[in-house]
Amino acid sequence: MPVTKNWQVVAGSAAAGFAVALTAVAAAGPWESGQRTAERAIAASRDGQGKQARALNKGGPGGRDGAVAPVPPAAPEVLAAVSGPQSAPAPTRAGLSGRLGPLLDDRALGALTTGAVVDAVSGRTVWGQGNGTPAVPASTTKVATAVAALSLLGPDHRLTTSVVAAGKDRVVLVGGGDPTLTARAKPGGGWRAASLRTLASDTARALRAEGVRSVRLGYDTSLFTGPAVHPIGINENIAPVAALMADEGRSDGRSTKGPAARQWDPSAEAAATFADLLGKQGITVVGAAKAGKAPTDASAADRLAEVRSAPLADLVERMLTNSDNDIAEALARHTALAAGRPGSFSGGAKAIGSTLRELGLPLEGARFTDGSGLNRADHLTAEQLAQLLALAADPDHPELRPVLTGLPVAGFTGSLRERFTSAGRGAGLVRAKTGTLTGVNALAGTVVDADGRLLTFAFLTNGTTDPVAAQSALDRLAAELATCGCRT
């Protein structure tokens, strides 16, 4: 099974292969693609602060010995966080128990607290407490969604939104299940998304070339099926899941992540916006846009225009960094379609589970009901999450590398931007996916320990009453793992 293969006991070429794969991750850092580019600029802007902090900590000009600067390390330190020789010794169970055990007694953690640490080089679980006990994973579920989507679709896969001719003077806007499609002139978010404006411009050009100046507009959302509203109900954390939407159905006109008011019918809103954009390009849309399927016999010649999303690798990174629920549910549906299942909540959940089993991950006790982790009916064990991350580090699965590069960097990016900063320990060294629901807190990610060994970990706690205190307790666990060799 790929997860548990011991690379070090295989011939030296296998170990070299892992070193090459890990070096590639280190060289690209967590800045591989669009989302990373924006974050690199943010981190680099802190370099001056980082240099000042190091001067203070070392007793440099204007500082004093032992002073602790409350800023994270500079960008180069983050980029180097995953480097290190793979001949480094692995931690021992006794060593990890001695360092992590006392921290697990923190009263801020819930009634059910589980954890697992896996040596990414060998795939061996080196420490665990309740690591086989299923718990509500919250948004760490997105790690499973990412692995399944990348495995079936590949990192270069793109989501296509198109416009097709449908008879005399009628066109249909066909949703491709891309929640990042943008209608904004300046989309923000630090990356390039498929543009509804570009689609309208290209469509108008194609229509004018045919002498068409007015059309009736339809829109096709049939790619996804089943209920659109997540089981948690209407919520600012996620829009109704639709194959056609712009800017994740956000109605505030500016946000690119986090909670925001959402449109009740994102597909109708996107179609109405497209009609307006066509009008600005000199094409009159007669009447209101109407829902309906594109012709089943439409040929390539009938396709007037199309726009494609960023590669799946970029979408996965953005999903994990920002804990983006809209992207997660869209990718779960695309995973379902790739697996020959309906593009629905149920289809996505079944496809994620079956894909992980095919990859060799034991899923006893696991339960998937969505792709985002918003549903409390989801269950995973700490062992399963840690092994999923180890699988993403496997040199035999380079297609899964965006799972690692998309993890938020402690003190720098995404959902960890404001964490690990007060005490300084772990900032820039821990990369992890957060999980938060009322009474549920989780953290699953990677560290390179003090000896230079790459480890994956997961800590899940259910039944917490103080989310801030629970998060701090989890941060201390991850920081301890990152800053100790834990062999004695």
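Look up a bit, the structure's there.
All values reported here derive from a predicted model rather than from experimental measurement. (Residues numbered from 1 in each chain as written. Predicted model: local features only at pLDDT ≥ 70, side-chain atom pairs only at ≥ 80, totals over all residues. Heavy atoms only, no water.)

Novice: Explain the overall build of the protein chain here, please?
Specialist: When helices and strands are counted, the protein chain shows 14 helices and eleven strands. Taken across its 488 residues, the protein chain has 56% of its residues classed as buried. Counting contacts in the protein chain only where the partners sit at least 6 residues apart, residues at least 24 apart contribute 71% of the total. Counting only carbon and sulfur atoms, one obtains 52% of the accessible surface of the protein chain, whose full area is about 18,800 Å². (Helix = DSSP H or I, 4+ residues; strand = E, 2+ residues; numbered from the N terminus. Buried < 20%, exposed > 50% of the residue type's maximum accessible area, 1.4 Å probe, protein only. Contact = heavy atoms within 4.5 Å. Areas by Shrake-Rupley, 256 points an atom, 1.4 Å probe, with all protein chains shown as cover.)

Novice: Please explain the sheet that holds strand 1 (residues 112–119) as it appears in this structure.
Specialist: An order of 2-1-11-10-9 is seen for the five strands of this open sheet, with the pairing classed as antiparallel. With partners counted over all chains shown, the strands left at the sheet margins are strand 2 (124–129) and strand 9 (431–437), one partner each. With strand direction ignored, the average angle separating the axes of adjacent strands in the sheet is 10°. Here nine bridges tie strand 10 (residues 440–448) to strand 11 (residues 454–462), and the two strands are oriented antiparallel to one another. (Pairing = 2+ DSSP bridges. Axes fitted to C-alpha atoms, helices over the stretch in contact; angles between N-to-C directions.)

Novice: It is not clear to me how the environment of A243 should be interpreted in this structure. Could you clarify?
Specialist: For A243, the position within the fold is in the loop between strand 5 (214–220) and helix 8 (266–280). When near neighbours in sequence (up to four residues on either side) are disregarded, A243 contacts G175, G176, G177, D178, T221, L223 and F224.

Novice: Can you help me understand the nonpolar core in this one?
Specialist: Across soluble globular proteins, nonpolar side chains have a tendency to be buried as a group. If you look at the biggest cluster of nonpolar residues, it comprises 49 residues, and the most contacted ones within it are V147, L331, L356, F368 and V403. Of all hydrophobic cores here, the second largest spans 28 residues; its members include L100, V126, F457 and C484. (Core = buried A, V, L, I, M, F, W, Y, C linked by side-chain atoms within 4.5 Å.)

Novice: When you look at the packing of helix 6 (residues 141–153) against helix 9 (residues 312–322) in this model, what are you seeing that I'm missing?
Specialist: The description of two packed helices rests on the angle between their axes and on the distance between the axes. Remark: helix 6 packs on helix 9, axes separated minimally by 10 Å, with the N-to-C direction vectors making an angle of 180°. Relative to helix 9, the element helix 6 is oriented roughly antiparallel. Judged by residue contacts, K142, V143, A146, A149, L150 and L153 of helix 6 engage L312, A313, V316, M319 and L320 from helix 9. Its residues placed into classes, the contact of helix 6 with helix 9 shows ten nonpolar, no polar and one charged. (Parallel < 35°, antiparallel > 145°, perpendicular 65-115°, else oblique. Nonpolar A, V, L, I, M, F, W, Y, C, P; charged D, E, K, R; others polar.)

Novice: When you look at the state of the cysteines in this model, what are you seeing that I'm missing?
Specialist: Where two cysteines share a covalent bond between their sulfur atoms, that bond is called a disulfide. Within the structure shown, the criterion is met by one disulfide. Disulfide pairing places C484 opposite C486 at an S-S distance of 1.5 Å. On the sign convention where negative is left-handed, the bridge of C484 and C486, at about -80° about the S-S bond, is left-handed. Classification of C486 by relative accessible area gives buried; the value is 5%. (Disulfide = S-S within 2.5 Å.)

Novice: Any chance you could explain the pairing of strand 10 here in plain terms?
Specialist: When you tally the buried positions in strand 10, you get nine out of nine residues, the bulk of the element. What you see with strand 10 is no split at all: V440, A442, A444, T446 and V448 on one side and N441, L443, G445 and V447 on the other are buried throughout. In this sheet, strand 10 lies alongside strand 9 in antiparallel orientation, the contact comprising seven bridges. Directly across from T436, in strand 10, lies its bridge partner N441. Two successive antiparallel strands, strand 9 and strand 10, enclose a turn made up of two residues, where G439 displays a positive phi of approximately 80°. Between strand 10 and the antiparallel strand that follows it, strand 11, lie five residues; G452 among them carries a positive phi value of about 90°.

Novice: Looking at this model, I keep getting lost on the packing of aromatic side chains. Mind explaining?
Specialist: For any two aromatic rings, the description comes down to two numbers: the centre-to-centre distance and the angle of the planes. Under the criterion given, the structure shown has two aromatic pairs. For the pair W127 and F459, a centre-to-centre distance of 6.3 Å together with 55° between the ring planes defines the contact as tilted. A residue pair is termed long-range when its members are at least 10 positions apart, and W127 in strand 2 and F459 in strand 11 qualify at 332 residues. Measuring from ring centre to ring centre gives 5.5 Å for F457 and F459, while their planes differ by 35°; the resulting arrangement is tilted. Looking at F459, the relative accessible area reads 0%, which means it is buried. Taken together through their ring pairs, the aromatic side chains of W127, F457 and F459 make up a single cluster. The ring of F224 carries the charged tip of R333 above its face, separated from the ring centre by 5.7 Å. (Phe/Tyr/Trp six-rings, centres within 6.5 Å; stacked < 30°, edge-to-face > 60°. Lys NZ or Arg CZ within 6 Å of the ring centre and 35° of its normal.)

Novice: I tried to follow unusual backbone geometry on my own but got confused; where do I start?
Specialist: Non-glycine residue E248 carries a positive phi angle of around 55°. Position of E248 among the secondary structure elements: in the loop between strand 5 and helix 8. Phi at S323 takes a positive value of approximately 50°, unusual for a residue other than glycine. The residue S323 is located in the loop between helix 9 and helix 10 (325–338) in this model. You can call S323 buried: its relative accessible area is 17%.

Novice: Please clarify how a nonpolar patch on the surface should be interpreted in this entry.
Specialist: There is a patch of nonpolar side chains on the surface, built from V229, I234 and W264 and spanning about 370 Å² of accessible area. Within the element layout of this structure, I234 appears in the loop between strand 5 and helix 8. (Patch = residues over 30% accessible without salt bridge, like charges linked within 9 Å, V, L, I, M, F, W, Y side chains within 5 Å. Salt bridge = Lys/Arg side-chain N within 4 Å of Asp/Glu carboxyl O.)

Novice: How should I be thinking about the pattern of salt bridges in this particular structure?
Specialist: Applying the stated criterion across every chain, the model contains 15 salt bridges. With its nearest N and O atoms 2.8 Å apart, the salt bridge here joins R476 to D106. You can see R476 sitting in helix 14 (residues 467–483) and its partner D106 sitting in the loop between helix 5 (93–104) and strand 1, a full 370 residues away along the chain. Take D106: its relative accessible area is 25%, and that puts it in the partly exposed class. Measuring nitrogen to oxygen at the nearest pair gives 2.8 Å for the salt bridge that ties R487 to D451. Of the two residues, R487 sits in the segment after helix 14 while D451 sits in the loop between strand 10 and strand 11, which places them 36 residues apart along the sequence.

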